[in-house]
Amino acid sequence: MSHLLSIDSLSRDDIDHLMRVAAKMEPIAQRRKITRVLEGAVLGNLFFEASTRTRVSFHTAFSRLGGSVCDTTGFTFSSMAKGESLYDTSRVMAGYCDAIVMRHPDKGSVAEFARATHVPVINAGDGPGEHPSQALLDFYTIDKEFARQGKSLKGAHVLMTGDLKFGRTVHSLIKLLALYAPLRVTLVAPPGLEMPSELIERVSQQGLDVEVRENLAGNFSDVDVVYTTRIQKERFTAEMEEGFNLSRDFTVHRAFLNEHCNDSTIVMHPLPRDSRPDANDLDVDLNGDPRLAIFRQTDNGIPVRMAIFATLLKVEDQIDKDLRDVKWFVPETVGVDDARF
Amino acid sequence: MSHLLSIDSLSRDDIDHLMRVAAKMEPIAQRRKITRVLEGAVLGNLFFEASTRTRVSFHTAFSRLGGSVCDTTGFTFSSMAKGESLYDTSRVMAGYCDAIVMRHPDKGSVAEFARATHVPVINAGDGPGEHPSQALLDFYTIDKEFARQGKSLKGAHVLMTGDLKFGRTVHSLIKLLALYAPLRVTLVAPPGLEMPSELIERVSQQGLDVEVRENLAGNFSDVDVVYTTRIQKERFTAEMEEGFNLSRDFTVHRAFLNEHCNDSTIVMHPLPRDSRPDANDLDVDLNGDPRLAIFRQTDNGIPVRMAIFATLLKVEDQIDKDLRDVKWFVPETVGVDDARF
Amino acid sequence: MSHLLSIDSLSRDDIDHLMRVAAKMEPIAQRRKITRVLEGAVLGNLFFEASTRTRVSFHTAFSRLGGSVCDTTGFTFSSMAKGESLYDTSRVMAGYCDAIVMRHPDKGSVAEFARATHVPVINAGDGPGEHPSQALLDFYTIDKEFARQGKSLKGAHVLMTGDLKFGRTVHSLIKLLALYAPLRVTLVAPPGLEMPSELIERVSQQGLDVEVRENLAGNFSDVDVVYTTRIQKERFTAEMEEGFNLSRDFTVHRAFLNEHCNDSTIVMHPLPRDSRPDANDLDVDLNGDPRLAIFRQTDNGIPVRMAIFATLLKVEDQIDKDLRDVKWFVPETVGVDDARF
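Reading the values: rules and limits
- Residues numbered from 1 in each chain as written.
- Chains lettered and ligands numbered in written order.
- Predicted model: local features only at pLDDT ≥ 70, side-chain atom pairs only at ≥ 80, totals over all residues.
- Heavy atoms only, no water.
- Helix = DSSP H or I, 4+ residues; strand = E, 2+ residues; numbered from the N terminus.
- Rg over C-alpha atoms; globule rule 2.2 N^0.38 Å.
- Buried < 20%, exposed > 50% of the residue type's maximum accessible area, 1.4 Å probe, protein only.
- Areas by Shrake-Rupley, 256 points an atom, 1.4 Å probe, with all protein chains shown as cover.
- Lys, Arg positive; Asp, Glu negative; His and termini not counted.
- Charge placed at Lys NZ, Arg CZ, Asp CG, Glu CD.
- Least-squares fit on C-alpha atoms with pLDDT ≥ 70 in both.
- Contact = heavy atoms within 4.5 Å.
- Axes fitted to C-alpha atoms, helices over the stretch in contact; angles between N-to-C directions.
- Parallel < 35°, antiparallel > 145°, perpendicular 65-115°, else oblique.
- Left-handed = near helix turned anticlockwise from the far one by under 90°.
- Nonpolar A, V, L, I, M, F, W, Y, C, P; charged D, E, K, R; others polar.
- Phe/Tyr/Trp six-rings, centres within 6.5 Å; stacked < 30°, edge-to-face > 60°.
- Domains from an automatic or database assignment.
- Buried area = accessible area lost by both parts, 1.4 Å probe.
- Salt bridge = Lys/Arg side-chain N within 4 Å of Asp/Glu carboxyl O.
- Polar contact = N/O pair within 3.5 Å; in protein donor to acceptor, adjacent residues only side chain to side chain.
- Pairing = 2+ DSSP bridges.

Going by what an unreviewed UniProt entry lists, chain A is known as Aspartate carbamoyltransferase and is assigned to Halomonas huangheensis.

Take a look at the structure:
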């Protein structure tokens with residue numbers, strides 16, 4: 001692994017390795033330990049497209065490993081406006097930074113950027129393309145929640161709902177899950193927002209047991225994970241917007257969980273979720289319910305991104321030798337749970 | 001103290017504690033010593049409303065304690081534009097950061113943010129609401145200047161002038177001073193910009209000796225502190241703007257100080273001050289006069305904000321054990337005085 | 001040296017010192033060593049005008065010395081919009097930071113800023129004014145390339161081409177080279193973009209052998225360095241734009257180097273270069289040619305800016321005592337060469 005650009009380039013061994021390293025990062029992510037293993041290293045955290053939470057998450061992960069971070073935000077790189085190529089920008093940044101995180105609105109641009117540099121590049125989202133660290137933290141969350149419940153990943157049942165057409169997180173996650181087949185995945189999307197059929201075909205051939213259902217009515221009592229996503233109206237064509245009249249039929253709320261699922265079903269969401277009254281992804285009435293795993297999920301972004309940095313910069317075996325106790329006060333709930341909120 | 005949201009929630013003991021801790025921070029703030037006590041900790045420095053000086057001041061204070069800072073600036077949090085609630089944003093950030101500083105244009109928003117998180121939140125200004133760290137550094141400045149002059153706070157006389165209606169710093173400072181009554185406060189504001197009467201009533205009941213005067217003519221020879229503020233025309237209603245024709249009658253300048261005050265009267269201002277020729281808050285002709293304390297005042301922002309962080313993160317007793325000498329060159333004027341400029 | 005504002009204020013001794021210190025920084029810049037010599041120090045990295053690469057370069061240089069960086073970007077300082085003077089901004093920032101890097105669109109503004117502060121200020125570009133660290137890294141690059149080739153600076157021949165009227169980097173570089181006369185400089189610019197004659201006169205009087213030629217035709221076989229610059233159309237007057245019809249006659253490309261120069265001629269450019277097909281500064285067909293030194297040149301920004309900070313903060317003699325090995329993985333090409341890309 002020299003870059004992290006796409007889930008497609010990861011083998012099951014790569015993922016298993018990242019999951020193991022992420023687990024090793026927990027004492028640091030939960031602020032019981034600190035490390036200086038990346039002391040002196042500089043991360044270029046380049047966000048050509050705004051995304052506060054992802055940027056802060058990468059920033060924190062690198063900081064917690066002892067490194068320094070230089071953020072850049074804004075829709076255009078000032079020099080690109082003067083005709084500079086991604087090649088030049090990339091090569092120049094490689095002289096300044098030891099690793100680069102990049103979000104860019106154009107699909108493929110991060111891979112192009114990576115080709116011109118000799119330092120590790122992490123794709124933090126290239127428009128409709130990929131956002132591999134999100135799929136990795138989603139998978140880490142499922143793994144960790146199952147371990148807590150004493151469940152096995154083998155034969156687990158994941159329900160994906162919401163916008164399965166434009167939601168790049170569900171595309172990446174289903175590809176990742178396919179590496180761990182046999183597994184069951186059920187897909188429920190509003191008309192017009194279905195998962196692309198070629199993707200369903202591909203993961204089915206890899207051994208994933210995929211079922212497509214039209215709505216959330218009926219029995220989901222053996223579902224282990226409900227993964228719901230926001231309807232991304234900003235990606236709709238004018239034609240789609242015209243015909244679209246989304247009811248709350250696809251909203252996951254407490255009643256759905258109580259009546260159709262079971263006591264240990266966890267609910268995930270890549271966030272941000274729409275918290276307005278007419279939201280149609282995930283209702284706020286689940287706030288405080290221990291099955292709502294969305295904040296444990298974002299918390300997991302830290303150890304997973306730490307694992308990505310540690311692996312790319314090859315310090316994963318040095319962490320254990322470079323741990324000190326935290327000196328400041330950490331509230332006991334940090335990194336544990338969000339049920340009490 | 002789990003958050004710092006408002007002066008109202010601070011007891012005199014809390015303030016005394018912060019003042020003592022701030023004094024302990026002076027060797028670090030003045031760059032004779034360094035500490036690593038917050039090593040590994042991450043501050044989320046969230047400015048939804050621009051304020052370079054306040055942001056940099058918090059950034060530096062956290063850095064000088066050995067922590068890392070992740071800045072966010074801009075009028076909208078990118079995810080909030082997608083309907084995300086302050087609750088969600090807050091809970092997510094709590095998973096990334098060990099403390100959060102937040103400035104936001106809406107009154108009450110920082111407190112709402114704090115309710116959803118288990119890490120300490122500091123209000124760096126919520127619109128017309130509060131900005132408690134400013135009042136604390138103002139009070140610290142008065143205390144320190146008095147100590148230098150051999151004066152006692154008991155029975156001191158503070159003159160507040162300028163915009164006493166919209167200036168949140170004078171509101172916070174007068175509430176804070178009320179905890180230290182007996183003290184005299186004289187208020188002088190242009191018509192329409194007077195201190196709200198309910199606030200005057202409240203602090204008077206707490207024992208503050210408040211006098212309201214119409215202008216700066218007359219005798220102020222026993223005034224120890226002149227606290228002047230900028231006229232915040234951006235907060236005026238259309239009606240106010242129409243009638244308002246501010247002369248320089250309320251401007252504090254060298255002649256006022258020489259003719260109406262005394263040799264040890266200090267001049268404070270929350271800054272920024274208007275330095276244009278028609279400025280009506282504080283004239284530049286006092287630059288270089290040792291009574292002008294405005295830069296000593298901003299300098300004091302560092303030890304006071306360090307004290308806030310140290311107290312919220314409970315490291316104030318560990319500082320003494322974790323001090324090293326500074327290795328780099330520090331000009332001898334740093335942290336001392338600004339009279340020579 | 002208390003500030004770095006202009007090449008004019010540097011003596012040959014100053015420059016020799018900076019070059020020696022920069023060479024000492026190479027093991028850190030190339031990521032074989034780390035230092036903590038600036039631990040606890042805070043850099044105010046103030047960019048009132050966008051410039052990602054320069055901002056990141058200063059940020060990294062300060063970070064690699066062990067310091068913390070607080071970036072500010074944006075066209076207006078929020079407080080300046082309220083009438084605050086550069087004097088006040090500067091004095092306030094001096095209370096927060098141990099060194100200040102500033103880019104500002106107005107010529108002279110950085111020097112004005114420096115007058116009000118007691119901490120070192122570095123001019124990172126004041127509009128059409130100066131950008132001294134660029135000239136220093138250009139000179140360091142020439143020196144380092146010559147050392148690699150076994151050449152001496154004495155009697156070297158530098159060709160400057162492109163926009164010699166608005167390009168502040170060529171102005172600064174020629175002034176710097178004049179301190180090292182005897183040296184030959186040949187100037188080739190499109191009509192209307194010639195080097196100002198008073199500058200040519202000045203450096204000639206200092207002993208520089210300056211020749212002006214009209215185009216790139218003819219023999220340049222004894223040229224050691226080709227320094228080309230971007231045509232800055234954004235600085236043209238309306239009148240200039242009208243008449244201007246730039247052919248590619250002034251473009252430096254592989255054929256020019258092969259046919260008119262020699263095997264050891266190096267090509268430099270302050271970047272960004274225009275990589276679009278109609279670019280008229282430096283063709284991408286030289287990518288991969290070892291004579292193209294533009295990325296070694298930007299890489300050199302790190303040790304040179306580290307040397308500037310170390311000199312201004314007087315830690316250049318402490319570096320040797322405060323070095324540790326890097327723990328993370330560094331690709332072998334970092335800091336070495338870009339010929340393979």
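Chemist: Break down the overall build of chain A for me, with residues and values.
Modeler: The secondary structure content of chain A amounts to 11 helices and 11 strands. For 341 residues, the compact-globule formula gives about 20 Å, and the C-alpha radius of gyration of chain A, at 20 Å, lands near that figure. Summarising its shape, the C-alpha atoms of chain A cover approximately 55 × 50 × 40 Å along the three principal directions. Going through the 341 residues of chain A one by one, you find that 63% of them count as buried. With the model as given, the accessible surface of chain A reaches about 12,000 Å², and the carbon-plus-sulfur share is 48%. Here chain A contributes 40 positive and 49 negative side-chain charges, whose respective centroids are spaced 6 Å apart.

Chemist: Account for the relation of the copies chain C and chain B, with residues named and values stated.
Modeler: Of the transformation placing chain C onto chain B, the axial shift is 0.0 Å and the rotation is 120°, giving an RMSD of 0.0 Å. One copy is carried onto the other by what is essentially a three-fold rotation axis. Among all residues of chain C, the one whose C-alpha sits closest to the rotation axis is S68(C), at a distance of 4.6 Å. Both copies present different contact surfaces, since only 5% of the interface residues of chain C are interface residues in chain B too.

Chemist: Summarise the packing of helix α2 (residues 52-64) of chain A against helix α3 (residues 86-96) of chain B; cite the residues concerned and give the values.
Modeler: Across the interface, α2(A) lies against α3(B) with an axial gap of 9 Å and an inter-helix angle of 20°. With respect to their mutual orientation, α2(A) and α3(B) come out roughly parallel. Read as a crossing pair, α2(A) and α3(B) show a hand that is right-handed. In this structure, α2(A) contributes R53(A), V56(A), S57(A), T60(A) and R64(A) to the contact, and α3(B) contributes V92(B), M93(B) and Y96(B). When its residues are assigned to classes, the contact of α2(A) with α3(B) shows four nonpolar, two polar and two charged.

Chemist: Outline the packing of aromatic side chains, supporting the account with residue identities and numerical values.
Modeler: Under the defined criterion, the tally for this structure stands at 15 aromatic pairs over all chains. Centre to centre, the rings of F295(B) and Y87(C) are 6.1 Å apart; their planes meet at 65°, and the pair counts as edge-to-face. Of this pair, F295(B) sits in helix α10 (residues 294-299) while Y87(C) sits in helix α3 (residues 86-96), placing the two residues on different chains. A relative accessible area of 1% means that F295(B) is categorised as buried.

Chemist: Which residues make up the domain arrangement of chain A, and what are the values?
Modeler: Residues and elements named next belong to chain A. We note that the domain assignment places domain 1 (7-130 + 301-325) and domain 2 (133-297) within chain A. Just the C-alpha atoms count here: the centres of domain 1 and domain 2 sit 27 Å apart. Taken together, the contact between domain 1 and domain 2 spans 27 residues of the former and 19 residues of the latter. A combined buried area of about 1,900 Å² lies between domain 1 and domain 2, and 56% of that area is made up of carbon and sulfur atoms. Taken together, the links from domain 1 to domain 2 amount to four salt bridges. Of the charged contacts in the structure, one is a salt bridge between K175 and E130, with a shortest N-O distance of 3.0 Å. There are 10 residue pairs in polar contact (both at pLDDT 80 or more) connecting domain 1 and domain 2.

Chemist: For the relation of the copies chain A and chain C, give the residues involved together with the corresponding values.
Modeler: Between chain A and chain C, which share one sequence, the superposing operator has a rotation angle of 120° and an axial displacement of 0.0 Å; the RMSD is 0.0 Å. A share of only 5% of interface residues in chain A that are also interface residues in chain C marks the association as one of differing surfaces.

Chemist: Tell me about helix α3 (residues 86-96) of chain A, and name the residues and values.
Modeler: Most of α3(A) is tucked away, with 10 of its 11 residues classed as buried. Along α3(A), the residues that are buried comprise L86(A), D88(A), T89(A), S90(A), R91(A), V92(A), M93(A), A94(A), G95(A) and Y96(A). Against β2 (42-47), β4 (99-104) and α4 (109-115) of chain A together with α2 (52-64), α10 (294-299) and α11 (301-312) of chain C lie the buried residues of α3(A).

Chemist: Can you break down the sheet that holds strand β5 (residues 121-126) of chain C residue by residue, with the values?
Modeler: Read from one edge of the open sheet, four strands run β3-β2-β4-β5 (chain C), paired in parallel fashion. Both outer strands of the open sheet, β3 (68-73) and β5 of chain C, are each paired with one neighbouring strand and no more. With direction set aside, neighbouring strand axes in the sheet form an average angle of 10°. Note that strand β2 (residues 42-47) of chain C and strand β4 (residues 99-104) of chain C share five bridges and pair parallel. Note on β4(C): the bridge partner recorded for F47(C) is R103(C). Seen against the sheet, helix α2 (residues 52-64) of chain B touches β2 and β3 of chain C and runs at an angle of roughly 170° to β3(C).

Chemist: I'd like a description of the interface of chain C and chain B, backed by residues and values.
Modeler: Taken together, the contact pairs 40 residues of chain C with 38 residues of chain B. Summed over both sides, the interface of chain C with chain B buries roughly 3,500 Å², with 53% coming from carbon and sulfur. Linking chain C with chain B are seven salt bridges, by the criterion used here. A salt bridge links R31(B) to D98(C); the shortest N-O distance between them is 3.1 Å. Counting the contacts that link chain C with chain B gives 18 residue pairs in polar contact (both at pLDDT 80 or more). Contributing elements (two or more residues each) for the side of chain C that touches chain B: β3 and α3 of chain C.

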